[in-house]
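# Topology and contacts: notes
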Amino acid sequence: AAKDLGKNRFMLFETRMHEQLLSRLDQENRLREAVHRGELRLHLQPVVALPDGQVSGAEALVRWQDPQRGLQQPGSFIPLAEETGMIIEIDRWILLEACRTIRAWQEESPATAPAWVSVNLSAIHLDLPDLTDHVAYALATTGLSPHCLVLELTETVMMRDLAVTSARLEELRELGVKIAIDDFGTGYSSLGYLRDIPVDVLKIDRSFINGLVGNSRQQELVSAIMQLGHTLGLRVVAEGVEDADQLTLLTVMGCKFAQGYHLGRPQPPAELRAGLTVAEPV
Ligand code: C2E
Ligand code: MG
Ligand code: MG
Ligand code: MG
């Protein structure tokens with residue numbers, strides 16, 4: 001009987017694995033179709049200049065309007081998209097949509113439009129020889145100025161072949177676009193890359209901002225990162241600012257750019273735009 005029980009357990013386990021596999025394949029197929037079916041959505045989160053609090057730029061963040069499960073956050077589909085290579089198509093769609101949206105906004109109301117947009121690129125793109133061509137195409141076809149585009153990469157790209165990474169990033173910068181290191185401080189990579197790799201923006205990971213108030217050691221660390229960035233002539237953005245106390249503290253610490261729920265959630269472009277119009281001084 002014990003043996004049968006074991007066998008049943010195994011079958012149950014097998015059935016579950018089978019179900020998981022099927023559901024993964026199902027999600028994979030539906031994600032594959034999502035781009036063509038027009039189910040991806042561009043959301044924009046404002047990045048604010050300090051101390052004046054004006055919106056300086058915006059980060060493009062992908063969402064998937066899944067007809068079965070509703071609006072999906074990137075955490076639920078980006079890992080699968082990266083495993084399967086679908087991230088290439090997704091990132092390219094977002095890049096084009098972000099450039100188009102910001103360009104149109106700049107033309108229609110230059111006074112309120114973000115001066116720049118930043119787009120996340122999965123590290124996989126650095127293996128693709130046509131990355132620069134594709135970015136050039138997105139700029140040419142939308143008319144967005146290259147100076148208005150920032151490409152965000154995480155520090156993990158620095159753990160790849162540095163010669164290849166450096167060459168690709170240099171090509172991109174020759175177009176006039178800027179390169180940002182996203183989630184700075186979490187990549188466990190040597191700071192040495194800052195000497196050799198062309199970078200324009202550091203985005204301090206929100207884990208450094210969370211718990212900042214009342215923690216002097218953490219404040220020293222964030223100050224040091226900001227100083228390092230400013231000394232190197234980089235733009236430094238604090239990510240994940242969730243309340244007024246954090247914002248005040250960061251401002252006092254000399255932070256020049258901030259992003260976070262306290263300053264604005266990621267939202268559809270039209271909503272961000274409506275909010276900014278209302279906020280204009282009378
Ligand atoms: P990220 O690039 O570091 O983007 C910032 C994430 O932090 C966003 O999550 C944003 O909604 C969230 N966030 C912003 N302010 C706050 C805050 O005050 N508190 C907290 N707790 N979170 C905040 P989201 O949109 O879920 O995206 C998660 C990650 O997925 C992104 O992190 C990025 O790595 C990736 N991602 C998003 N869109 C794309 C894309 O189009 N392409 C690629 N390759 N990756 C993307
Ligand atoms: Mg980002
Ligand atoms: Mg980030
Ligand atoms: Mg992140």
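Residues numbered from 1 in each chain as written. Chains lettered and ligands numbered in written order. Predicted model: local features only at pLDDT ≥ 70, side-chain atom pairs only at ≥ 80, totals over all residues. Heavy atoms only, no water.

## Points about unusual backbone geometry
Going from Leu50 to Pro51, the amide bond is cis rather than trans, its omega being 10 degrees. Here Pro51 is to be found in the loop between β1 (40–49) and β2 (55–66). Phi angles above zero are rare outside glycine, and Asp183 is one such case at about 55 degrees. Note on placement: Asp183 falls in strand β6 (residues 178–184). (Helix = DSSP H or I, 4+ residues; strand = E, 2+ residues; numbered from the N terminus.)

## What to know about the packing of helix α4 (residues 131–142) against helix α5 (residues 162–175)
Taken N-terminus to C-terminus, the directions of α4 and α5 make an angle of 20 degrees; their axes are 9 Å apart at the nearest point. By the angle between their axes, α4 is roughly parallel relative to α5. Along this stretch, α4 crosses α5, giving a crossing that reads as right-handed. The residues of α5 that touch α4, namely those facing Leu131, Thr132, Val135 and Ala136, are Arg168, Glu171, Leu172 and Leu175. Grouping the amino acids of the contact of α4 with α5 by side-chain chemistry returns 5 nonpolar, 1 polar and 2 charged. (Axes fitted to C-alpha atoms, helices over the stretch in contact; angles between N-to-C directions. Parallel < 35°, antiparallel > 145°, perpendicular 65-115°, else oblique. Left-handed = near helix turned anticlockwise from the far one by under 90°. Contact = heavy atoms within 4.5 Å. Nonpolar A, V, L, I, M, F, W, Y, C, P; charged D, E, K, R; others polar.)

## A look at the nonpolar core
Ranked by size, the top nonpolar core spans 73 residues in total, and within it Leu31, Leu44, Val135, Leu149 and Leu151 carry the most contacts. For this core, the element with the highest residue contribution is helix α3 (residues 87–108), accounting for 9 residues. Among the nonpolar cores identified, the runner-up in size contains 8 residues, and Ala49, Ala180, Val201 and Phe257 belong to it. (Core = buried A, V, L, I, M, F, W, Y, C linked by side-chain atoms within 4.5 Å. Buried < 20%, exposed > 50% of the residue type's maximum accessible area, 1.4 Å probe, protein only.)

## Notes on the site of ligand 1
Taken together, 23 residues lie around ligand 1, and Arg63, Asp91, Asp182, Glu242 and Tyr261 are the ones closest in. The contact in question runs from a nitrogen atom of ligand 1 to an N or O atom on the side chain of Gln45, over 3.0 Å. When isolated, ligand 1 has an accessible area of 800 Å², and the protein chains bury 83% of it. Among the elements that make up the shell around ligand 1, the one with the highest residue count is β2 (4 residues). Taken together, the residues of the shell around ligand 1 break down into 9 nonpolar, 5 polar and 9 charged. (Near = heavy atom within 4 Å. Polar contact = N/O pair within 3.5 Å; in protein donor to acceptor, adjacent residues only side chain to side chain. Areas by Shrake-Rupley, 256 points an atom, 1.4 Å probe, with all protein chains shown as cover.)

## Section: the pattern of salt bridges
A side chain of one charge can pair with a side chain of the opposite charge when the charged atoms of the two come close. Going through the model one piece at a time under the given rule, you end up with 17 salt bridges. Put simply, Asp130 and Arg92 hold a salt bridge, and the shortest N to O gap is 3.1 Å. Note that Asp130 is positioned in the loop between β4 (116–120) and α4 and Arg92 in helix α3, a separation of 38 residues in sequence. A relative accessible area of 34% means that Asp130 is categorised as partly exposed. (Salt bridge = Lys/Arg side-chain N within 4 Å of Asp/Glu carboxyl O.)

## Description of α3
With 22 residues, α3 ought to run about 32 Å at 1.5 Å a step, and its terminal C-alpha atoms sit 31 Å apart, in line with that. For α3, every residue scored as buried is listed here: Ile87, Ile90, Asp91, Arg92, Ile94, Leu95, Leu96, Ala98, Cys99, Thr101, Ile102 and Trp105. (Expected span 1.5 Å × (residues − 1).)

## A word on the confidence of the model for the protein
Put simply, the protein has an average pLDDT of 92, and 95% of its residues get 70 or more. Both confidence scores are given for the complex: pTM 0.93, ipTM 0.98. (pLDDT = per-residue confidence, 0-100.)

## Quick look at the coordination of the magnesium ion (ligand 3)
Around the magnesium ion (ligand 3), the donor atoms from the protein are Asp182 (OD), Asp183 (OD), Glu239 (OE) and Glu239 (OE), and they sit 2.1 to 2.5 Å away. In primary-sequence terms, the residues that donate to the magnesium ion (ligand 3) follow D-D-x55-E. Here the magnesium ion (ligand 3) and the magnesium ion (ligand 2) are spaced 4.0 Å apart, with Asp182 acting as a shared donor. Taken together, the residues Asp182 in strand β6 and Glu239 in the loop between β8 (235–238) and α9 (244–252) connect sequence positions 57 residues apart. For the pair Asp182 and Glu239, one class covers both residues: buried. (Donors = N, O, S within 2.8 Å, 3.2 Å for Na, K, Ca; no water.)

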